[in-house]
Amino acid sequence: MIEFIKDELRRTNNYGLFNTEVNEFILENIYGFELLVVPYIICHLRIHEYLESFGFHYQGDKKERAEVYLTNTLENNANILLTNFFDDIDE
């Protein structure tokens, strides 16, 4: 999906809008759930490296993180709390 957006922007000569599209669409609409801490962190790193390889520049805003959550989605409990591990570290 990211490559499609990049190619479409390049095809229509709007590649300068890539950073805007990443912030307003990609990072807000791609979700992931991970059970283990290390794959969770690696997932964030790979997404960020992948976007940077296309020229995306991070401004340091908290909203510039992928929607990947550290949680046990296999647990059959109605009281499961989705946690963004990095938000907890920031506090």
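Here the structure is shown first, and the text comes after it.
## Some points on the packing of aromatic side chains
So, point 1. In this structure the tally under the stated criterion is two aromatic pairs.
So, point 2. Between the aromatic rings of F33 and Y69, the centroid separation amounts to 5.9 Å while the plane-to-plane angle is 25°, which identifies the pairing as stacked. Taken together, the residues F33 in strand β1 (residues 31-34) and Y69 in strand β2 (residues 67-70) connect sequence positions 36 residues apart.
So, point 3. Residue F33 is classed as partly exposed on the basis of its relative accessible area, which comes to 45%.
So, point 4. Classification of Y69 as buried rests on a relative accessible area of 16%.
So, point 5. Considering the side-chain rings of Y50 and F54, the 4.9 Å spacing of their centres and the 80° angle between planes classify their relative orientation as edge-to-face.
So, point 6. Given a relative accessible area of 32%, Y50 falls into the partly exposed group.
So, point 7. On the basis of relative accessibility, which here comes to 16%, the residue F54 falls in the buried class.

Rules and cut-offs
Residues numbered from 1 in each chain as written. Predicted model: local features only at pLDDT ≥ 70, side-chain atom pairs only at ≥ 80, totals over all residues. Heavy atoms only, no water. Phe/Tyr/Trp six-rings, centres within 6.5 Å; stacked < 30°, edge-to-face > 60°. Helix = DSSP H or I, 4+ residues; strand = E, 2+ residues; numbered from the N terminus. Buried < 20%, exposed > 50% of the residue type's maximum accessible area, 1.4 Å probe, protein only.

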